[in-house]
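# Working through the structure, step by step
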Amino acid sequence: LQLAPASKYVAALSASAASADGVTLAEEIRLEFRTVESLAVGQVFPAPDTEEVELESTITVIFNRPVVPLAIAEEQKDLPQPLTIQPALAGTGEWVSSSVYVFQPEKRLDSGTRYLVSVDAGLTDSLGMPLDQSYVWKFTTRAPRVNYLSLKNGETNPKMDIENVLLEQAFVISFLQPMDEKSTQAAAALTDRETGKIFPTKYKWNEDFTELTISPVGRYRLSAFYQLDLAKAALAQDGSPLADGLTFRFST
């Protein structure tokens, strides 16, 4: 029979106890002790109910007691893998100490996604004491967003209604996450504000699809007014739409 965890016990032997030859104790013997706490999750990262979690984040759980022996990397596969993640997430988990487990996703976390993570009951610590109840928490990753707009070879985040823009000025939109090429280009439009007509453009991406250059095909009209829009329908590569669109007005 095991003692209860995190409990105070008192053991006493009264002065009436006697030896075999009838000699009693001079005084009562009393012993008090407290048992160790049961296994529990002490802290997790990202913290429960956190919003706007960065997509490059790892998932970490810290226990209040040692769970595994210290092990070299080659032995990690034989150790318990305590996390269940929904939606399912490919990656590699590692015990960085006897009580700290870190899960490194294979790719970035999906944007604008709520993850549910659990440590299931039944996990035992190094003394064989089990986790009595499952520990469950959730967090939400940051939605896709524009990082900045800049004039190619010029100002970053220029003021709205900027004047005297060059007649062949291209624009660069930087994103905080890789974007889907087709939907992003379909969501972009450069409009002549006086005629309402779409001005023809061409697109060029950087290697990881986090930066889109939009260049005019031909020259803008002199002393004319234009507007560059990017609708929220633009999707990140993981399928989530932009949290906010973009509108920029300028004149030549």
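Note: the structure precedes this text.
Residues numbered from 1 in each chain as written. Predicted model: local features only at pLDDT ≥ 70, side-chain atom pairs only at ≥ 80, totals over all residues. Heavy atoms only, no water.

### Focus: the sheet that holds strand 13 (residues 188-192)
Where we set the bar: By the convention used here, strands pair only if DSSP detects at least 2 bridges between them. What counts as a helix is a DSSP run of H or I of at least four residues, what counts as a strand is a run of E of at least two, and both are numbered from the N terminus. Angles run from 0 to 180 degrees between N-to-C directions of axes, and those axes are lines fitted to C-alpha atoms, restricted for helices to the stretch in contact.
In spatial order, the strands read 13-16-17; together these three strands make up an open sheet with antiparallel pairing. Taken across any chain shown, the strands that pair with only one partner, and hence form the sheet edges, are strand 13 and strand 17 (246-251). Averaged over neighbouring strand pairs, the angle between their axes works out to 15° when direction is ignored. Judged from the five bridges that link them, strand 13 and strand 16 (residues 225-230) form a sheet pairing that is antiparallel. Among the inter-strand pairings, Ala188 is bridged to a residue of strand 16, identified as Leu230.

### Observations concerning the nonpolar core
Heads up, the rule is: Buried residues of nine kinds, namely Ala, Val, Leu, Ile, Met, Phe, Trp, Tyr and Cys, make up a nonpolar core once their side-chain atoms join them within 4.5 Å. Think of it in three bands: residues with accessible area under 20% of the maximum for their type are buried, residues over 50% are exposed, and the middle band is partly exposed, with areas taken using a 1.4 Å probe on protein chains only.
Phe171, Phe175, Tyr220, Leu230, Phe248 and Phe250 are the most contacted members of the largest nonpolar core, which has 27 residues in total. Mapped onto this core, the elements with two or more residues apiece are strand 11 (146-151), strand 12 (171-175), strand 13, strand 15 (211-216), strand 16 and strand 17. With 24 residues, the next largest nonpolar core counts Val61, Phe63, Val68 and Leu79 among its residues.

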